[in-house]
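Each chain, written out:
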Amino acid sequence: MQLTEAQIERLRQTGVRLDSDGRWWNEGQEVTHDGLRAAFWRWLDRLPDGRFVLRLDERRYAYIQVDDAPFVARSARWEGDRAFLRLSDGGEEELAYDSLRVGEGGVPYVKVRGGRFDARLSTGAWGVVAERLAERAGATVLDAAGGPWPLPGAAGGPDAP
């Protein structure tokens, strides 16, 4: 029996959700199994239309709900003039300085995983990164790694509301 595209689309619907704190949920219950959480992080992907999925391969994927940015930068540290973020999946990567921005409500975001995903900076991570913020010519900039880097959306920044 061959499934129709509509049947396949229905099968791709899940009760899996990634909340704004980077916690996985399934059918209203938090996923606490370390192995399953790690698998979800490995499978996380985004379709060209912007929908988030858990992907096994090109044809096999299921839709998930993502409440905010899929990643959270839980902490940050400086090595010289370079900042490194510890992400909600346990990985660490250097801050993508040119992607740092302040969103609605003053929430800071950055691109991660080669620019494929957004990450929200936790209060702790933002506090560390913000140590290197400065005001120059009426704009907020980040003094880091070959900067200064303009901070869109910051008070006094290039895209301030």
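Residues numbered from 1 in each chain as written. Predicted model: local features only at pLDDT ≥ 70, side-chain atom pairs only at ≥ 80, totals over all residues. Heavy atoms only, no water.

As a further point, take the overall build of the chain. A count of helical and extended segments in the chain gives three helices and 16 strands. With the C-alpha coordinates of the chain rotated into their principal frame, the extents come out at 65 × 30 × 25 Å. For the chain, the proportion of its 161 residues judged to be buried stands at 40%. Sequence-distant contacts, at least 24 apart, represent 40% of the contacts inside the chain between residues at least 6 apart. Carbon together with sulfur atoms contributes 50% to the accessible area of the chain, which is approximately 9,000 Å² in total. (Helix = DSSP H or I, 4+ residues; strand = E, 2+ residues; numbered from the N terminus. Buried < 20%, exposed > 50% of the residue type's maximum accessible area, 1.4 Å probe, protein only. Contact = heavy atoms within 4.5 Å. Areas by Shrake-Rupley, 256 points an atom, 1.4 Å probe, with all protein chains shown as cover.)

Once that is clear, we can look at the nonpolar core. With 33 residues, the main nonpolar core has Trp 24 and Val 129 as its most contacted residues. The biggest single contributor to this core is strand 8 (residues 71-79), with four residues. Setting aside residues no more than four positions away along its own chain, Val 129 makes contact with Ala 76, Trp 78, Leu 85, Leu 95, Leu 100, Leu 121 and Leu 142. (Core = buried A, V, L, I, M, F, W, Y, C linked by side-chain atoms within 4.5 Å.)

Now for the side chain of Arg 55. Among the structural elements, Arg 55 can be located in strand 5 (residues 52-55). At 3.3 Å, the side chain of Arg 55 forms a polar contact with the backbone oxygen of Glu 58. Here Arg 55 is in contact with Trp 43, Asp 45, Leu 47, Arg 60 and Tyr 61, once residues within four sequence places are set aside. (Polar contact = N/O pair within 3.5 Å; in protein donor to acceptor, adjacent residues only side chain to side chain.)

What follows deals with the pairing of strand 13 (residues 117-121). Burial runs high along strand 13: five of the five residues are buried. Residues Phe 117, Ala 119 and Leu 121 of strand 13 are buried on one face, and the alternating residues Asp 118 and Arg 120, pointing to the opposite face, are buried as well. Judged from the four bridges that link them, strand 12 (residues 108-112) and strand 13 form a sheet pairing that is antiparallel. Counted as the bridge partner of Tyr 109 is Arg 120 from strand 13. (Pairing = 2+ DSSP bridges.)

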